[in-house]
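Per-entry structural report
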Amino acid sequence: MHDDLSPLCSRFLEAADLLGRRWTGVILRILMDGPCRFGELTERIGTISERVLSERLKDLEAEGILERHVDPGPPIRSEYRLTEKGQAFWKVIDELGKWAERWVDVKAPRAAPRKRKSA
């Protein structure tokens, strides 16, 4: 990917890419509080589509950051929890939260554009 960079820089870029994917940090922050089922994650995030959440969870599972436990039910339930590797993100997520509290201004949501009346 970045052949001209040192291994340390390449590792940093890979980590930044992983954490920088939309919703990844939010998912990690929620799972820091403990295991969650898919529906709980969807509800707590609020604005994420089920497709995107499913993709992010698969990405994080493939990276060994979280694991999925399936309760055969009935009904079948999937629960996601952080692995040791995922829990090691705690300091990063905590510091990001502290930085955000100090430096990030929350903007009011934009109003939806008005539809034009056709003549």
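Look up: the structure comes first, before these words.
Because the structure is predicted, anything quoted here is derived from the model rather than measured. (Residues numbered from 1 in each chain as written. Predicted model: local features only at pLDDT ≥ 70, side-chain atom pairs only at ≥ 80, totals over all residues. Heavy atoms only, no water.)

Another aspect to go through is the pairing of strand β2 (residues 66–71). The sheet contact formed by β2 and strand β3 (residues 77–82) spans six bridges and is antiparallel. Each residue of the ladder has a partner; that of Arg68, found in β3, is Tyr80. Hairpin connection of β2 to β3: five residues between the antiparallel strands, including Gly73 at a positive phi of 70°. (Pairing = 2+ DSSP bridges. Helix = DSSP H or I, 4+ residues; strand = E, 2+ residues; numbered from the N terminus.)

What follows concerns the sheet that holds β3. Spatially, β1-β3-β2 is the arrangement adopted by the three strands of the open sheet, whose pairing is antiparallel. Lying at the two open borders of the sheet, with one neighbouring strand each, are β1 (36–37) and β2. Most of the contacts of helix α2 (residues 24–32) go to β3, to which it runs at about 90°, and overall it touches β1, β2 and β3. (Contact = heavy atoms within 4.5 Å. Axes fitted to C-alpha atoms, helices over the stretch in contact; angles between N-to-C directions.)

With that out of the way, let us pick up a nonpolar patch on the surface. A contiguous nonpolar surface patch, about 450 Å² in accessible area, is contributed by Leu96, Trp99, Trp103 and Val104. Tracing the chain through its elements places Trp99 in helix α6 (residues 90–103). The class for Trp99 is partly exposed, based on a relative accessible area of 49%. (Patch = residues over 30% accessible without salt bridge, like charges linked within 9 Å, V, L, I, M, F, W, Y side chains within 5 Å. Areas by Shrake-Rupley, 256 points an atom, 1.4 Å probe, with all protein chains shown as cover. Salt bridge = Lys/Arg side-chain N within 4 Å of Asp/Glu carboxyl O. Buried < 20%, exposed > 50% of the residue type's maximum accessible area, 1.4 Å probe, protein only.)

Under the definition given, this model contains nine salt bridges. A salt bridge links Arg29 to Asp33, with the nearest nitrogen and oxygen atoms 3.1 Å apart. For Arg29, a relative accessible area of 37% puts it in the partly exposed group. A salt bridge links Arg81 to Glu79, with the nearest nitrogen and oxygen atoms 2.4 Å apart. Here the salt bridges do not stand alone but share partners, grouping Asp17, Arg21, Arg56 and Asp59 into one network.

Let us look at the packing of helix α3 (residues 38–45) against helix α4 (residues 50–62). α4 packs onto α3 with a crossing angle of 115° between their chain directions and a minimal axis gap of 11 Å. As for the relative orientation of α3 and α4, their crossing is right-handed in sense. Here Phe38, Leu41, Thr42 and Ile45 of α3 lie close against α4, whose contacting residues are Glu50, Leu53, Ser54 and Leu57. Residues that form the contact of α3 with α4 fall into these classes: five nonpolar, two polar and one charged. (Left-handed = near helix turned anticlockwise from the far one by under 90°. Nonpolar A, V, L, I, M, F, W, Y, C, P; charged D, E, K, R; others polar.)

Moving on to the environment of Thr24. Among the structural elements, Thr24 can be located in helix α2. The class of Thr24 is buried, set by a relative accessible area of 1%. As a C-alpha pair, Thr24 and Leu60 span 36 residues in sequence and 8.1 Å in three-dimensional space. Non-local contacts of Thr24, meaning those with residues more than four positions away in its chain, are made with Leu18, Leu19, Arg56 and Leu60.

Now for the side chain of Arg56. Position of Arg56 relative to the elements: it lies in helix α4. If near-sequence neighbours (up to four positions away) are discounted, Arg56 is found in contact with Arg21, Arg22, Trp23, Thr24 and Ile27.

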